[in-house]
Amino acid sequence: MLLINATLATMDGSPAYGLVKQGAVAIRSGQIAWAGPASDLPGEYGQDERHELEGRLVTPALIDCHTHVVHGGNRAREFEMRLEGASYEEVARAGGGIVSTVAATRAASREQLLADALPRIDAMIAEGVSTIEIKSGYGLDAENELKMLRAARAVAESRPVRVRTSFLGAHAVPPEYKGRPDAYIDDVCIPALEAAHAEGLVDAVDGFCEGIAFTPDQIARVFDKAKSLGIPVKLHAEQLSNLGGTKLAAQYGALSADHLEYATAEDAAAMAKAGSLAVILPGAFYTLRETAAPPIEAFRKAGVPMAVATDCNPGSSPMSSLLLSMNMACTLFRMTPEEAFAGVTRNAARALGLEDAGQIKSGLRADLAVWDVEHPAELAYRIGYNPLWKRIFGGAL
């Protein structure tokens, strides 16, 4: 396949989106074989099947690097409660929040979890998404955590999309272990991680380090097990307070620390030293009506790459639009459109430990999006508008 007469946003790290006017992309065997100005196209690709793009924009396909898209039920009533004055912590301490989704998830079969997730997955694919990270964390016992991860793996068997899974057993303390978080970590979380790893269900290990969840010391025990199993880690950190989660993530060389509304310049420096990315999640900030924003300028100054994701979940970010996430990152947090787009392509790939996606470069997977726009800034600029023309997944339209 040869894409011709296109503007390319290669996202290869060069300035201005790595734009190439009058560009072409040659695809063979599911990979990008060549990309650059059409005037430089090697003759060996001249006879490939041509697709005339009439000046449309070609970018790497989008990557949603932080989601909880597999879950049971919904929390629309809790949405009402918060609007009636209850805080996120008050809802959680009253038995709502994550725990209410746990009950719905435990009651659902693997097949039902998959069926419920697919419409949300389809909405993501329709916006040019090729890769989705999916977390467990609503089962909170071995049987149901594995059920969630199996449903996540089944997504990739049901739709043309790549799935990376994260074990999030340390998400909340289930009702049967109320007041005994250490016992939950030892008796349930770590054994469930071992079982999930043995079944090949885990690509990364995550945790929720927060006052309503787990302390740094408790998360460290989970991370120690992940390290012994050779699994990379990431962490929900500094979302509602500064508990030291970001520094813990940096100590373990985490792929990323996510949320980070209460992170500091010192946290940013630790992340930079460790090579960890900051995953910015404006959907939760918006839904919870938070006032403390992540320290974007500190990340810039420290040289911490920033990714952007939907955090698609039933409680704090019931959002499946990565295009809207980009707009929110720009409008709420003053990220630039180029930073936001790097956040859903090149940096999102890094946040998942992927080296074969997120850029238009020879040798990478041919996961591409073709847009009916002139410039990539339009993708973050418009609200509620999807200009996707075609999506290419593994070299197939």
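Here the residue numbering is sequential within each chain, running from 1 through the sequence in written order. Side-chain atom pairs in this predicted model are given and counted only at pLDDT of 80 or more, local residue features only at pLDDT of at least 70, and totals for whole chains, interfaces and linings cover all residues. The side-chain quantities take in all heavy atoms of the structure and omit both hydrogens and water.

Mind showing me how you'd approach helix α9 (residues 265–274) here?
Because an α-helix completes one turn every 3.6 residues, residues spaced three or four positions apart along the sequence face the same direction. Turning to α9, its buried residues number three or more, namely Asp267, Ala268 and Met271. Taken end-on, α9 shows its buried residues confined to a sector of 100°, consistent with a single buried face. What points out from α9, more than 90 degrees from its buried face, is the exposed set Ala265, Glu266 and Lys273. As for α9, its buried residues are in contact with α8 (245–251), β11 (256–259), β12 (277–280) and α11 (296–302). The buried label goes to any residue with under 20% of its type's maximum accessible area, the exposed label to any with over 50%, and the partly exposed label to all in between, with areas taken from a 1.4 Å probe on protein chains only. Under the DSSP-based scheme used, a helix requires at least four consecutive residues in state H or I and a strand at least two consecutive residues in state E, with every element numbered from the N terminus. Read the arc as the range of directions from the helix axis to the C-beta atoms. We call two residues contacting when some pair of their heavy atoms lies within 4.5 Å.

Help me out: how do you make sense of the packing of aromatic side chains in this one?
Remark: the centre distance and the inter-plane angle together describe each pair of aromatic rings, the angle taken between the planes. The aromatic pairing rule takes the rings of Phe, Tyr and Trp, using the six-membered ring of Trp, and pairs them if the centres are within 6.5 Å, calling planes under 30 degrees apart stacked, those over 60 edge-to-face and the rest tilted. A full pass over the atoms with the stated rule returns four aromatic pairs. Seen from their ring centres, tyrosine 184 and phenylalanine 214 are 6.0 Å apart, and the 20° between their planes marks the pair as stacked. With a gap of 30 residues between them, tyrosine 184 in helix α6 (residues 181–198) and phenylalanine 214 in the loop between β9 (204–209) and α7 (216–229) connect regions that are remote in the sequence. Each member of the pair, tyrosine 184 as well as phenylalanine 214, is classed as buried. On the numbers, 5.4 Å between centres and 70° between planes, the contact of phenylalanine 223 with tyrosine 252 is edge-to-face. Of the two residues, phenylalanine 223 is situated in helix α7 and tyrosine 252 in the loop between α8 and β11; the sequence distance between them amounts to 29 residues. Overall, the relative accessible area of 0% leaves phenylalanine 223 in the buried class. With a relative accessible area of 24%, tyrosine 252 lands in the partly exposed category. Three or more aromatic residues joined by ring pairs form one cluster here, namely Tyr177, Tyr184 and Phe214.

Explanation requested: the UniProt feature "binding site: Zn(2+)" (unreviewed entry) in the chain in the structure shown.
Residues given the UniProt feature "binding site: Zn(2+)" (unreviewed entry) here are His66, His68, His236 and Asp311. Across 246 residues of sequence, these annotated residues stay compact in space, with a maximum C-alpha separation of 12.3 Å. Here histidine 66 is to be found in the loop between β6 (62–64) and α1 (76–83). Aside from chain neighbours lying at most four places away, what touches histidine 66 is Glu133, Lys135, His236, Asp258, His259, Val279, Leu281, Ala309, Thr310, Asp311 and Cys312. UniProt positions are given in the numbering used here, feature names are shortened, and annotations may be inferred rather than shown by experiment.

Looking at this model, I keep getting lost on the domain arrangement of the chain. Mind explaining?
By a widespread convention, an interface's size corresponds to the accessible area lost as its parts come together. Per the annotation, domain bounds derive from an automatic or database assignment of domains. According to the domain assignment, the chain contains domain 1 (2–60 + 358–392) and domain 2 (62–352). The straight-line distance from the C-alpha centre of domain 1 to that of domain 2 is 30 Å. Taken together, the 26 residues of domain 1 in the interface contact 22 residues of domain 2. Here the quantity called buried area is the accessible surface, traced with a 1.4 Å probe, that two parts lose on coming together, added over both. Counting the surface lost from both domain 1 and domain 2, the interface buries some 1800 Å², and carbon and sulfur atoms represent 62% of this. For domain 1, the biggest contributors to the area lost against domain 2 are Met11, Ala380 and Arg391; these three give 32% of the whole. The salt bridge definition used is simple: a Lys or Arg side-chain nitrogen within 4 Å of an Asp or Glu carboxyl oxygen. Linking domain 1 with domain 2 are zero salt bridges, by the criterion used here. Definition of a polar contact: a pair of N or O atoms within 3.5 Å, with one able to donate and the other able to accept a hydrogen when the atoms are protein atoms, and with sequence-neighbouring residues admitted only if both atoms are side-chain atoms. Linking domain 1 with domain 2 are nine residue pairs in polar contact (both at pLDDT 80 or more). The set of elements that each furnish at least two residues to the side of domain 1 that touches domain 2 consists of β5 (57–60), β14 (368–371), α15 (377–381) and β15 (388–392). When residues of the side of domain 1 that touches domain 2 are assigned to their parent elements, the largest contribution, four residues, is made by α15. The residue classification treats Ala, Val, Leu, Ile, Met, Phe, Trp, Tyr, Cys and Pro as nonpolar and Asp, Glu, Lys and Arg as charged. All others, Gly included, are polar. Grouping the amino acids of the side of domain 1 that touches domain 2 by side-chain chemistry returns 15 nonpolar, six polar and five charged.

Looking at this model, I keep getting lost on unusual backbone geometry. Mind explaining?
Most of the time, phi is negative for any residue but glycine, and the peptide bond is trans. Positioned with a positive phi, serine 29 is a non-glycine residue whose angle comes to about 55°. The phi angle at arginine 289 is positive, at roughly 55°, despite the residue not being glycine. Here arginine 289 is to be found in the loop between α10 (282–287) and α11. Taking relative accessible area as the criterion, arginine 289 reaches 66% and is therefore assigned exposed.

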